Amino acid sequence: MVDIASRVYNHKWKIDPIVRSLIDTDFYKLLMCQSVFRNHRDANVTFSLINRSKKVRLADIIDEGELREQLDHMRSLSLSRGESTWLRGNMFYGKRQMFRSDFMEWFEGLRLPPYHLEKRDGQYELTFEGTWPEVMLWEVPALAILVELRSRAVMSDMGRFELQVLYARAMTKVWEKVEELRPVENLRIADFGTRRRHSFLWQDWCVQAMQEGLAQKFVGTSNCLIAMRREVEAIGTNAHELPMVYSALAETDKELRVAPYKVLEDWQEEHEGNLRIILPDTYGTSSFLRQAPDWLASWTGIRIDSGDPEKGAETAIQWWKDRGEDPREKLVIFSDGLDVAKIKELSAKFAGRVRISFGWGTLLTNDFRGLVADDGLAPFSLVCKAVEANGKPTVKLSDNPNKAMGPLDEIERYKRVFDIGAQQKFDVIV
């Protein structure tokens, strides 16, 4: 097993780069990238870094030169022969050749497009612009780079023994969580923690701990590189990016209203079974389901990623019942701000009513809360979102208005088009 503390103490980034592969990313990014490559490969999209935790002044913590070195290293990466073989030949969600030959030929020749970096008011303004399939692959590594650079900066003055104790405490914290989850009946849980992980080595350690500690209850990881190396399932479906960009590309209010469903029409042309998972909260879960075409009720399940998870699941259950579907045969994936207490609570609440799975993110792969002075390693809410498509702004409303993004006038327009009523605000944990 890797001695993480020694690697951190002796670390030189050229030996231990933060992102070490184009597939050191979430599986759903590759699935979405293939869909975008097929349907909207010429759309011009801009992604931008957004730090929701304003008190974490990244530009005061992270050295700009080190950030540029890591971003430049990311642009030097290309798909290796072994990685290409794994993507082309491995079985994902019960299907071989998930990735088509034309997409793989494009991906094998890809280098990520340039970035634009500035400092402003203690934060980094980091943007990426280019054709949608190319630029979308910056999102996850950009976040991983910034979060790990912050971790490295906080730990830079720690001695060898201090680091050993820090990681021993963090490992104990993870293992205690695993032990607490072990008795949960019918648990299905996956690692979703790539984008805001403490580090690559730490995420890899957490996956191995889950493999040993939870056995068959651990169903996989969103991280493709770790899935390949540890021979576990690569897990993931689709994300808010698709409806956000499709909606921005819509020319009229009528086209806007159906854009989230157009996303899923395109999706079902490529995928079936457990990849047919609805993510309904981009413009409000209740609104999405109220206006959804009946054919969506036959899909496998729903992912709940914002707002009150119990309310979201109850809404989905009632929606299935109203359309003659048996909720007990449907899958509900919870993936927002999860930790052990919430996982246990939701498991008990919905046992026997639906099939349940959990995508455990930041509080698995970056829970160093309370382990250093001033809580300097506590996780924070950093995102990298598509903010513009073909010159038009994107909008996200969410089931939690604290996660909403976009120009205020466009937010109001989207609320009108999607008939969004009053919403309850929730603290954004991660």
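All values derive from a computational prediction rather than experimental measurement.

Here's the deal with the packing of helix α2 (residues 27-39) against helix α6 (residues 101-108)
Helix packing for two helices is described by the angle between their axes and how far apart those axes are.
Turning to step 1, where the next piece is worked out: At a minimum axis separation of 10 Å, α2 and α6 run at an interaxial angle of 110°. The angle between the axes of α2 and α6 places the two elements in the roughly perpendicular class. Counted together, L30, C33, Q34 and F37 of α2 and D102, F103, W106 and F107 of α6 form the full contact between these two elements.

Topic: the sheet that holds strand β9 (residues 301-304)
Turning to step 1, where the next piece is worked out: The strand order across the open sheet built from six strands is β7-β6-β11-β10-β9-β8, with neighbouring strands paired in parallel fashion. Both edges of this open sheet fall to β7 (218-221) and β8 (277-278), since each of them pairs with a single strand only.
Turning to step 2, where the next piece is worked out: Pairing analysis gives three bridges linking strand β6 (residues 189-191) to β7, with the strands arranged parallel. Counterpart to D191 in the pairing with β7 is T221.

Focus on the environment of L264
Turning to step 1, where the next piece is worked out: Looking at where L264 falls in the secondary structure, it is placed in helix α13 (residues 253-268).
Turning to step 2, where the next piece is worked out: In this structure L264 comes out as buried when scored by relative accessible area, which is 5%.
Turning to step 3, where the next piece is worked out: Put simply, L264 and R328 are 64 residues apart on the chain and 23 Å apart in space, counted from C-alpha to C-alpha.
Turning to step 4, where the next piece is worked out: Discounting residues that sit within four places of it in the chain, L264 has contacts with I278, F288, W295, L296 and W299.

Re the side chain of H198
Turning to step 1, where the next piece is worked out: Tracing the sequence through the fold places H198 in the loop between β6 and α10 (200-214).
Turning to step 2, where the next piece is worked out: Within the structure, H198 has its side chain in polar contact with the side chain of Y167 (distance 2.7 Å).
Turning to step 3, where the next piece is worked out: The residues touching H198, leaving out its near neighbours within four places in the chain, are E148, S151, M155, Y167, T365, N366, F368 and L377.

Looking at empty space enclosed by the protein
Turning to step 1, where the next piece is worked out: Taken as a whole and assessed by the stated rule, the structure comprises five cavities of 30 Å³ or more.
Turning to step 2, where the next piece is worked out: Considering the residues around the largest cavity, the lining is formed by 13 residues, among which V8, E148, R152, S199 and L201 are closest to the centre.
Turning to step 3, where the next piece is worked out: Elements with a minimum of two residues in the lining of the largest cavity: α1 (4-10) and α8 (139-155).
Turning to step 4, where the next piece is worked out: Broken down by element, the lining of the largest cavity gets its largest block of residues, four residues, from α8.
Turning to step 5, where the next piece is worked out: Here the lining of the largest cavity is built from residues that sort into four nonpolar, four polar and five charged.
Turning to step 6, where the next piece is worked out: What lines the second largest cavity is N238, A239, P243, P260, V263, L264, L279, P280, T282, Y283 and F288.

How each quantity is defined
- Residues numbered from 1 in each chain as written.
- Predicted model: local features only at pLDDT ≥ 70, side-chain atom pairs only at ≥ 80, totals over all residues.
- Heavy atoms only, no water.
- Axes fitted to C-alpha atoms, helices over the stretch in contact; angles between N-to-C directions.
- Helix = DSSP H or I, 4+ residues; strand = E, 2+ residues; numbered from the N terminus.
- Parallel < 35°, antiparallel > 145°, perpendicular 65-115°, else oblique.
- Contact = heavy atoms within 4.5 Å.
- Pairing = 2+ DSSP bridges.
- Buried < 20%, exposed > 50% of the residue type's maximum accessible area, 1.4 Å probe, protein only.
- Polar contact = N/O pair within 3.5 Å; in protein donor to acceptor, adjacent residues only side chain to side chain.
- 1 Å grid on protein atoms, 1.4 Å probe; cavity = no way out; pocket = protein on both sides within 12 Å on 5 of 7 lines; lining within 4 Å.
- Points joined across faces, edges and corners; volume = space filled by probe spheres on them.
- Nonpolar A, V, L, I, M, F, W, Y, C, P; charged D, E, K, R; others polar.

Purely geometric stuff here, so don't read any function into it on its own.
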